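Report on the structure
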Amino acid sequence: MKYALVFGAMIALSGVAAYTEADPTPPRGGGIAGEAKGSVIDVKAIDVSADGSVHRPRNADGSPASVEFRRMPASICFTQDFPTTKGRVGACGPGEREGALVVACEAGQVALDPIFKQTWVNNPDGTISNLSRWELQNPASPGDCLAAVDLAPLAEAEFQRLTIAPSPVMIQPPDGWTLVNVDTITYTSPAPQTFTTTLLGIPVTIEATPHTFTWDYDDGTTPVTTSDPGQAYPRHTVAHVYEEEAVATISLATTWHGRFQITGTATWTSITGTATTTTTAPPLTIHEARSRLVSEPLD
């Protein structure tokens, strides 16, 4: 892992309230606003944390926390050409120059901002005191580089939470009926589905691909599992023959495999585990075609 220095104007971190030497205690509290629409009033409230940002950290039991960790850009302060300290953006002293500390990672990796820590004391009346500055943790090696393998467990959990659209069920004949002792053709789409999300703040793309298809024809026969999604007539490859008149509800269970990619990279990483979706078609009426003698030829 390497670091690069970038000099120039520094941009304050969005969403983090700054405080100055003249006013070392940032604002606390929140905001509340309302809007009347006829007989309805919409009310919005904001609760802020110790440093004024729209977030209040709490302990596992719900009590107010007294410490917060954040990842945010770091800088390095220079006195003339000599580096002095590394810390939060905008924290250099008078007469010092500030450069951005950029983490340079290997190919296929992404950089995470360094971790900063802030502490304070929660007073009985709800106020806070002894608010510390944001302190850079591990100044000797700020920032982290992550590869896809580091995100794999999170990608697996995210894959299980995805709302994958169930595979469509197509049936031929297509009008809600079929005949006894002829092929009833079924097929579906093999197209993968893609989703975008973030893991540890890193944008990733997750792809779900149908792997196997299990057809239940609702006539007491054993469901058929295949890796073939089937095709329409006359190139059909998946079909079923009903032997009796009835009304059947065909269902399709699709097993999906997943993989993910850190957005902007070319490498895909397989996801452990599978996902399953189920599709149920409208009722299908099965008729028996009977031959009849007629007195005159049919036109």
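Please refer to the structure placed before this passage.
Residues numbered from 1 in each chain as written. Predicted model: local features only at pLDDT ≥ 70, side-chain atom pairs only at ≥ 80, totals over all residues. Heavy atoms only, no water.

1. Quick look at the overall build of the chain
Counting its secondary structure elements, the chain contains one helix and 24 strands. Going through the 299 residues of the chain one by one, you find that 32% of them count as buried. Long-range contacts, defined as pairs at least 24 residues apart, comprise 62% of the intrachain contacts of the chain with a sequence gap of at least 6. Total accessible area on the chain stands at roughly 18,200 Å², and carbon and sulfur atoms take up 54% of it. (Helix = DSSP H or I, 4+ residues; strand = E, 2+ residues; numbered from the N terminus. Buried < 20%, exposed > 50% of the residue type's maximum accessible area, 1.4 Å probe, protein only. Contact = heavy atoms within 4.5 Å. Areas by Shrake-Rupley, 256 points an atom, 1.4 Å probe, with all protein chains shown as cover.)

2. Let's talk about the sheet that holds strand S15 (residues 177-179)
Spatial strand order, S15-S24-S21: three strands in an open sheet with mixed pairing. The open sheet has two edge strands with one neighbour each: S15 and strand S21 (246-248). This sheet shows a mean twist of 30 degrees between the axes of neighbouring strands, independent of strand direction. Sheet topology note: the S21/strand S24 (residues 284-287) ladder contains three bridges and is antiparallel. Bridging from a neighbouring strand, Ala248 pairs with Leu284 of S24. (Pairing = 2+ DSSP bridges. Axes fitted to C-alpha atoms, helices over the stretch in contact; angles between N-to-C directions.)

3. Regarding a negative patch on the surface
A cluster of acidic side chains, namely Asp218, Asp219, Glu243 and Glu244, defines a negative patch on the protein surface. Mapped onto the elements of the fold, Asp219 is located in the loop between strand S18 (202-216) and strand S19 (224-226). (Patch = residues over 30% accessible without salt bridge, like charges linked within 9 Å, V, L, I, M, F, W, Y side chains within 5 Å. Salt bridge = Lys/Arg side-chain N within 4 Å of Asp/Glu carboxyl O. Lys, Arg positive; Asp, Glu negative; His and termini not counted. Charge placed at Lys NZ, Arg CZ, Asp CG, Glu CD.)

4. Observations regarding the side chain of Thr188
Its location among the elements puts Thr188 in the loop between strand S16 (183-187) and strand S17 (193-199). By relative accessible area, Thr188 is classed as buried at 4%. Polar side-chain contacts of Thr188 include one of 2.5 Å to the backbone oxygen of Pro168. (Polar contact = N/O pair within 3.5 Å; in protein donor to acceptor, adjacent residues only side chain to side chain.)

5. Some details on the nonpolar core
Leu151, Phe159, Ile164 and Ile202 are the most contacted members of the largest nonpolar core, which totals 20 residues. Looking at this core, the elements with two or more residues in it are strand S8 (110-112), helix H1 (148-161), S17, S18, strand S22 (251-262) and strand S23 (269-280). Of all hydrophobic cores here, the second largest spans 14 residues; its members include Phe213, Val238, Ile250 and Leu284. (Core = buried A, V, L, I, M, F, W, Y, C linked by side-chain atoms within 4.5 Å.)

6. Some words on the pairing of S17
As defined by bridge partners, S17 adjoins S18 across seven bridges and the pair is classed as antiparallel. Paired with Thr198 across the strands is Pro203, a residue of S18. Linking two consecutive strands that pair antiparallel, namely S17 and S18, is a turn of two residues; a positive phi of about 55 degrees is found at Leu200 within it.

7. Considerations on the state of the cysteines
Overall, the coordinates contain two disulfides when judged by the stated rule. Paired through a disulfide, Cys77 and Cys92 show a sulfur-sulfur distance of 2.0 Å. On the S-S bond that ties Cys77 to Cys92, the torsion sits near -100 degrees, and the link is left-handed. Residue Cys77 is located in strand S5 (residues 74-79), and its partner Cys92 is located in the loop between strand S6 (82-88) and strand S7 (97-104); the two are separated by 15 residues in the primary sequence. Residue Cys77 is classed as buried on the basis of its relative accessible area of 4%. Note on cysteine connectivity: Cys105 is disulfide-linked to Cys145, with sulfurs 2.0 Å apart. In this structure the cystine formed by Cys105 and Cys145 twists about its S-S bond by roughly -85 degrees; its chirality is therefore left-handed. On the criterion of sequence distance, the pair formed by Cys105 in the loop between S7 and S8 and Cys145 in strand S13 (residues 144-146) is long-range, its members being 40 residues apart. Look at the chain and number its bonded cysteines as they come in the sequence; the links are 1-2, 3-4. (Disulfide = S-S within 2.5 Å.)

8. Some remarks on a nonpolar patch on the surface
Where nonpolar side chains cluster on the molecular surface, the patch consists of Val67, Phe69 and Ile115 and spans about 240 Å² of accessible area. With respect to the element layout, Ile115 can be found in strand S9 (residues 115-119).

9. Observations regarding the packing of aromatic side chains
Per the stated rule, a full pass over the model turns up one aromatic pair. Ring centres of Trp215 and Tyr217 lie 6.4 Å apart, and the angle between their planes is 15 degrees; this geometry places the pair in the stacked category. Assigned by exposure class, Trp215 and Tyr217 land together as buried. Here the basic side chain of Arg259 rests over the ring of Trp268, its NZ or CZ set 4.1 Å away from the ring centre. (Phe/Tyr/Trp six-rings, centres within 6.5 Å; stacked < 30°, edge-to-face > 60°. Lys NZ or Arg CZ within 6 Å of the ring centre and 35° of its normal.)

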